[in-house]
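Spelled out from the first residue to the last, the chains are:
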Amino acid sequence: MSISDFSVRGRLADTGEGITPDELQLAARNHAMPLEGLRYDVTPPGLHYVLVHYDIPATDAGGWRLTLDGCVEEPLSFGLTELRAMGRRTIRVTLECAGNGRATLQPRPISQPWLSEAVGTAEWTGVLLADLLRAAGLREDAVDVVFTGADHGVERGVEQDYQRALTVAEAVESGAIVAWEMNGTPLPPQHGYPLRLVVPGWYGMASVKWLRSIEVIDHAFDGFQNAVAYVIRTGPDDPGRAVTRIEPRALLVPPGFPDFMSRRRFVAAGPVPLLGRAWSGWAPIERVEVSTDAGVNWHEARLGAAGNDDHAWRAFAYDWEATPGEHVLTVRAYDASGREQPIEAEWNRGGFANNTAQRLTVLVT
């Protein structure tokens, strides 16, 4: 039996098919941020969402080397001490998994079964990727920059190291950093210790963890994670388009208290502050709307201070006068690029970039 025969292929769930054992195993390994975690400006590392494609590798900061080679004037190799000597930059970034919301789609793509909580905001400290590339000197034939992590596995029959790429322009202009700290402390193992890439504004698949090499190449990268895995397709013959920047999304902190199994909420009648966060990888958030009647009527929320970080979420608030009965709360975000969050996002085979509006069922007593 070959590797490809032993590896599970991607597929869509059959009509009425529940969560599979494979999906349950993925859900047990990875975890989402509890929605009450939206109350924090910066997500504690233990609450920040985690997606690990293969295994968390065994790593040692003392002997770790990051190589930078390929289409550069001077190939380089860095230890952590050398990287720290190049400067220190801290950026606040909201990261969201590209598959966030996948489990709500019909038919459901079989994969990590996210609902809407695969998100988190952290302060990442490291050195600018652009500074590393400038130190090596980009040659005129440079086209793409390939990032390789230490995690290794098989996906749809393809054995691979986890690799992603950016164009040279994206790598230089994105504000990406090679980070060694998360929220002021060394990266936790599940978040890429000892080094990871953080690409502001992009879905999380671009921010390669356990980063061990950067290679500049003279052609467009056609590796699995770029050309096959993270591509939005509506059908098996659709060539698709690449998953890149985060689409606008707003999420409410669930009000009141929950039912254990259904997570439906219970709220006392009267004034209820509705709080949440909104973000977009394309442009700053400029408006959030709230509905307390399943989208029949919409009300503009108050936005919190914008802050200095264009790629971190923004707080919003709305004062709801809750009346007895069942209510469905929903929110939608608008960014400065003109993009708006849909009530129902378009379906795709990978379940990517699904920014369908959140719906919370609340019983007001």
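Structural notes, computed from the coordinates. For every chain, the first residue of the written sequence is number 1, and numbering continues from 1 onward in sequence order. It should be noted that, the model being predicted, local features are given only for residues of pLDDT at least 70 and side-chain atom pairs only at 80 or more, the latter also being counted only at that level, while totals for whole chains, interfaces and linings use all residues. Only hydrogens and water are set aside when side-chain values are computed; all heavy atoms of the structure are taken into account.

### Observations regarding the overall build of the protein chain
Helix and strand counts for the protein chain stand at six helices and 22 strands. Here the C-alpha radius of gyration of the protein chain, 21 Å, is about what a compact globule of 365 residues would show, namely 21 Å. Seen along its three principal axes, the alpha-carbon backbone of the protein chain occupies a region of about 70 × 50 × 35 Å. The classification of residues rests on relative accessible area computed with a 1.4 Å probe and restricted to protein chains. Under 20% of the type maximum is buried, over 50% is exposed, and intermediate values are partly exposed. The buried share among the 365 residues of the protein chain stands at 52%. We call two residues contacting when some pair of their heavy atoms lies within 4.5 Å. Here the contacts in the protein chain between residues at least 6 apart in sequence split such that 73% fall between residues at least 24 apart. Throughout, the Shrake-Rupley method with a 1.4 Å probe supplies accessible areas, and for residues the shown protein chains are the sole cover considered. If you sum the accessible surface of the protein chain, you get close to 16500 Å²; carbon and sulfur atoms cover 51% of it. We count a stretch as a helix when DSSP gives it H or I for four or more residues in a row; a strand needs E for two or more, and each element gets its number in order from the N terminus. Here the globule rule reads 2.2 Å times residues to the power 0.38, and the radius of gyration is calculated from C-alpha atoms.

### A look at the environment of Q112
Locating Q112 in the fold gives a position in the loop between β3 (89-96) and β4 (119-128). According to the relative accessible area criterion, Q112 is buried, its value standing at 5%. Put simply, Q112 and Q25 are 87 residues apart on the chain and 8.9 Å apart in space, counted from C-alpha to C-alpha. By the criterion applied in these results, polar contacts are pairs of N or O atoms within 3.5 Å in which, for protein atoms, one can donate a hydrogen and the other can accept it, and in which residues neighboring in sequence qualify only through two side-chain atoms. Within the structure, the side chain of Q112 is placed 3.1 Å from the side chain of N30, a separation counted as a polar contact.

### Concerning the packing of aromatic side chains
Describing an aromatic ring pair means giving the distance of the ring centres and the angle of the ring planes. We call Phe, Tyr and Trp rings a pair once their centres come within 6.5 Å, taking the six-membered ring for Trp, and we label the pair stacked below 30 degrees between planes, edge-to-face above 60, and tilted otherwise. The final tally for this structure, using the stated rule, is four aromatic pairs. Their ring planes at 85° and their centres at 6.1 Å tell us that Y49 and W114 sit as a pair that is edge-to-face. Of this pair, Y49 sits in the loop between α2 (21-29) and β1 (66-70) while W114 sits in the loop between β3 and β4; the two residues are 65 residues apart in sequence, bridging distant segments of the chain. For the pair Y49 and W114, one class covers both residues: buried. With a centroid separation of 5.6 Å and an interplanar angle of 20°, the aromatic rings of F257 and F266 are classed as stacked. Take F257: its relative accessible area is 52%, and that puts it in the exposed class. Here R339 stacks its cationic end above the ring of W282, 3.7 Å away from the centre of that ring. In our convention, an over-ring charge means Lys NZ or Arg CZ found within 6 Å of a ring centre and within 35 degrees of that ring's normal.

### What to know about the side chain of N348
Relative to the helices and strands, N348 is located in the loop between β21 (325-335) and β22 (359-364). We classify N348 as buried; its relative accessible area is 3%. For N348, the side chain forms a polar contact with the main-chain oxygen of F352, separated by 2.9 Å. Residues contacting N348, with those up to four places away along its chain left out, are L105, P109, I232 and R233.

### Some remarks on the sheet that holds strand β10 (residues 211-217)
Overall, mixed pairing links the five strands, which are arranged β2-β1-β10-β5-β6 in an open sheet. The sheet is open, and its two borders are formed by β2 (76-78) and β6 (158-167), each paired with just one other strand. This sheet shows a mean twist of 25° between the axes of neighbouring strands, independent of strand direction. In this sheet, β2 lies alongside β1 in antiparallel orientation, the contact comprising three bridges. Only when DSSP finds a minimum of two bridges between them are two strands counted as paired. The convention used is that axes are lines fitted to C-alpha atoms, helices contributing only their stretch in contact, and that angles between N-to-C directions extend from 0 to 180 degrees.

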